[in-house]
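Each chain is listed here by its residues.
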Amino acid sequence: MQDIYVDTVTAINFNNGIVRMIMVDQDPDSLADGVDAGAEANAAQDIRLRKKQQVIMPLNGFLYMVSVIKGLIDDPKMQDIISRHAQAGLLPGAAADQPRAPAE
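Residues numbered from 1 in each chain as written. Predicted model: local features only at pLDDT ≥ 70, side-chain atom pairs only at ≥ 80, totals over all residues. Heavy atoms only, no water.

(A) Expanded view of the overall build of the protein. Assigned secondary structure in the protein consists of four helices and three strands. The long-range fraction of contacts in the protein, counting pairs at least 24 apart against all pairs at least 6 apart in sequence, stands at 44%. (Helix = DSSP H or I, 4+ residues; strand = E, 2+ residues; numbered from the N terminus. Contact = heavy atoms within 4.5 Å.)

(B) Layout of the sheet that holds strand β3 (residues 49-58). Spatial ordering of the open sheet is given by β1-β2-β3, a layout of three strands whose pairing is antiparallel. Because the sheet does not close on itself, it has two edges, and the strands there are β1 (8-15) and β3. Sheet twist, expressed as the mean angle between neighbouring strand axes with direction ignored, is 20°. Judged from the seven bridges that link them, β1 and strand β2 (residues 18-26) form a sheet pairing that is antiparallel. By the bridge assignment, N13 is partnered in β2 with R20. (Pairing = 2+ DSSP bridges. Axes fitted to C-alpha atoms, helices over the stretch in contact; angles between N-to-C directions.)

(C) Inspection of the nonpolar core at higher detail. Core analysis: the largest hydrophobic core is formed by five residues, namely V19, M21, M23, M57 and F62. If you tally residues by element for this core, the top one is β2, at three residues. Sequence-distant contacts of M21, that is, excluding residues within four places in its chain, are made with V9, A11, I12, Q53, Q54, V55, M57, F62 and M65. (Core = buried A, V, L, I, M, F, W, Y, C linked by side-chain atoms within 4.5 Å. Buried < 20%, exposed > 50% of the residue type's maximum accessible area, 1.4 Å probe, protein only.)

(D) Just helix α4 (residues 76-87), in detail. The end-to-end C-alpha separation of α4 is 16 Å, in line with the 16 Å expected for 12 residues at 1.5 Å each. For α4, the complete set of buried residues consists of Q79, I82, S83 and A86. For α4, the arc enclosing every buried residue in end-on projection is 100°, short of the 170-degree limit, so these residues lie on one face. Contact partners of the buried residues in α4: α3 (59-74). A positive backbone phi angle near 75° is found at G89, which sits one or two residues after α4. (Expected span 1.5 Å × (residues − 1). Arc of directions from axis to C-beta.)

In short, geometric facts, not functional conclusions.
Next comes the structure, spelled out in structure tokens:
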């Protein structure tokens, strides 16, 4: 098995029963040029992403993966981590003063 590090998924496309996920990481050249995540507010716009890998899978495999991820998100330990990240303002779109409610 080969391990590949990625920072995030930038695109998910569904066509003809096939799901394609494009995964990226930060371009090391932009990091070497002095752009880092801790810089000013517009630094996120300056960071270049590099296409790293793509995952191509049938829809049924993707839907199973979604159910596995949902199980992870619903885990109380993960809920605690999500809540702490939301309170710290580290999650995109999450208000720092409104932590996510635990799953039922």
